[in-house]
Amino acid sequence: MAEPTSASAGAALSAASAGDWLALLKPRVMTLVVFTGLVGLLVAPGRLHPVLAVAAIVCIAVAAGAAGAINMWYDRDIDAVMRRTCRRPIPAGRIEPAEALGFGIVLAAGSVLVMALATNLVAAVLLAASIAFYVFVYTMWLKRRTPENIVIGGAAGAFPPLIGWAAVTGGVQPLPLLLFAIIFLWTPPHFWCLALWADGDYARAGIPMLPVVAGARATRRRILLYTLLLVPLSLLPWALGEAGVVYGGAAAALGLGFLLAAWRVLRDRQDARGVSLTGDAPAKAAFRFSIVYLFLLFAALAVDRLYG
Amino acid sequence: MQPPPPLTREQSEDLRRRRRGRNLLLFSALLALALLFYAMSMVKLRGG
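Parameters and conventions
Residues numbered from 1 in each chain as written. Chains lettered and ligands numbered in written order. Predicted model: local features only at pLDDT ≥ 70, side-chain atom pairs only at ≥ 80, totals over all residues. Heavy atoms only, no water. Core = buried A, V, L, I, M, F, W, Y, C linked by side-chain atoms within 4.5 Å. Buried < 20%, exposed > 50% of the residue type's maximum accessible area, 1.4 Å probe, protein only. Helix = DSSP H or I, 4+ residues; strand = E, 2+ residues; numbered from the N terminus. Domains from an automatic or database assignment. Contact = heavy atoms within 4.5 Å. Salt bridge = Lys/Arg side-chain N within 4 Å of Asp/Glu carboxyl O. Lys, Arg positive; Asp, Glu negative; His and termini not counted. Buried area = accessible area lost by both parts, 1.4 Å probe. Polar contact = N/O pair within 3.5 Å; in protein donor to acceptor, adjacent residues only side chain to side chain.

## A word on the nonpolar core
Residue and element names in this part refer to chain A.
Alright, step 1. In this structure, Met 115 and Ile 182 are the most contacted members of the largest nonpolar core, which totals 91 residues.
Alright, step 2. A per-element tally of this core places helix H10 (residues 174-197) first, with 13 residues.
Alright, step 3. When we break this core down by domain, the ones giving at least three residues each are domain 1 (18-171) and domain 2 (173-308).
Alright, step 4. If sequence neighbours within four positions are ignored, Met 115 has contacts with Ala 56, Cys 59, Ile 60, Asn 120, Ala 123, Ala 124, Leu 127 and Ile 163.
Alright, step 5. Trp 21, Leu 24, Ala 69 and Ala 100 belong to the second largest nonpolar core, which has 8 residues in total.

## Thoughts on the pattern of salt bridges
Alright, step 1. As enumerated under the stated definition, the model contains 13 salt bridges over all chains in all.
Alright, step 2. One salt bridge connects Asp 75 of chain A with Lys 143 of chain A, and the closest N-O pair in it is separated by 2.7 Å. Of this pair, Asp 75 of chain A sits in the loop between helix H4 (50-74) and helix H5 (76-81) while Lys 143 of chain A sits in the loop between helix H7 (121-142) and helix H8 (149-153), and the two are 68 residues apart along the sequence.
Alright, step 3. Using a relative accessible area of 0% as the deciding quantity, one classes Asp 75 of chain A as buried.
Alright, step 4. Residue Arg 17 of chain B is joined to Asp 14 of chain B by a salt bridge in which the shortest nitrogen-to-oxygen separation is 2.3 Å. Here the residue Arg 17 of chain B and the residue Asp 14 of chain B both occupy positions in helix H1 (residues 9-45), the gap between them amounting to 3 residues, near one helical turn.
Alright, step 5. Members of the salt-bridge network, linked through shared partners, are Asp 75, Asp 77, Lys 143 and Arg 144 of chain A.

## Some words on the side chain of Asp 268 of chain A
Residues and elements named next belong to chain A.
Alright, step 1. Turning to its location among the elements, Asp 268 is positioned in the loop between helix H14 (245-266) and helix H15 (281-307).
Alright, step 2. An unpaired buried charge is present at Asp 268: no salt bridge exists, and Arg 220, the closest side chain of opposite charge, is 4.1 Å distant.
Alright, step 3. Sequence-distant contacts of Asp 268, that is, excluding residues within four places in its chain, are made with Arg 220, Ser 276, Thr 278, Asp 280 and Pro 282.

## Side note on the domain arrangement of chain A
Residue and element names in this part refer to chain A.
Alright, step 1. Segmentation of chain A into domains returns domain 1 (18-171) and domain 2 (173-308).
Alright, step 2. In this assembly, 33 residues from domain 1 lie in contact with 33 residues from domain 2.
Alright, step 3. Contact between domain 1 and domain 2 buries roughly 3000 Å² in total, counting both sides, with carbon and sulfur atoms accounting for 75%.
Alright, step 4. Where domain 1 touches domain 2, the interface holds 1 salt bridge.
Alright, step 5. As a salt-bridge pair, Glu 148 and Arg 222 come within 2.8 Å of each other at their nearest N and O atoms.
Alright, step 6. At the junction of domain 1 and domain 2, the tally comes to 7 residue pairs in polar contact (both at pLDDT 80 or more).
Alright, step 7. Elements supplying a minimum of two residues to the side of domain 1 that touches domain 2: helix H3 (27-43), H5, H8 and helix H9 (155-169).

Below is the structure:
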């Protein structure tokens, strides 16, 4: 039989596990951020000592996590009503909001400081800008106000290759700006695919995601439109001579795959209101493919620049 | 104000386990940071 002890039940409720603190850092989002930052660092001309390169990547990861923690602090009210996010540590009551905010601020400041010490001021300023953009521009300003939230806010996730490049060179050149633009254009179709099947969640939370405001049909058209813009842009590094045929071939093949996925989303069987009759299967497939697309595209660039 | 109800043995064990996990995480993070700063200092001192 369970026996009472002297500690309070309230203390148990506030005792978050190590996993809860790690969950605040949105580790799945971090993976893509770290990878694109690493590629920015690898393809940059010049050399950075491996120890400093590791420090730079850790800073990018921690900064992304810090921005995620502050985002979770600010969005705790809407996270609580969304099925996808209601089990996060703050809405579930395992971490106090103020603790999460403090955690995020300390990590954000620490990551920028260490980046400046390990590499240079340009990389540190870009890192600070990426955190500020995600927290102030996307989370606090755009997310709850406009269906274009993810279009503009997507810039926050596009910073890592710029930061990686700047960590090595101390500046910004055309190639990292192209990589920034690629992620910037990749983000809307990626998130709108998710929003197509999570629109009920967003509607409940009052988030004006495109499918909630403009409907599923308009969202499917926008997914294809942005993919049509993304594919030629992804070929520019090769067309401008910044990358070779390995990257060019990969960008063309992956682009065709993404276009096909976006086309299938557009042609999904749907009722008169545009609601999917397939459980949004094409949108789910396109969402998964978009992640593979970005990983492989950046991996191809790294291989091309390092071994091509 | 009513005092909070006492914890059961299972809750108490769970609380201890979670505290231990957090402490280990904090220790690992601090150790990693110390090592990172040491390595960075060495590289900078050698002009890396």
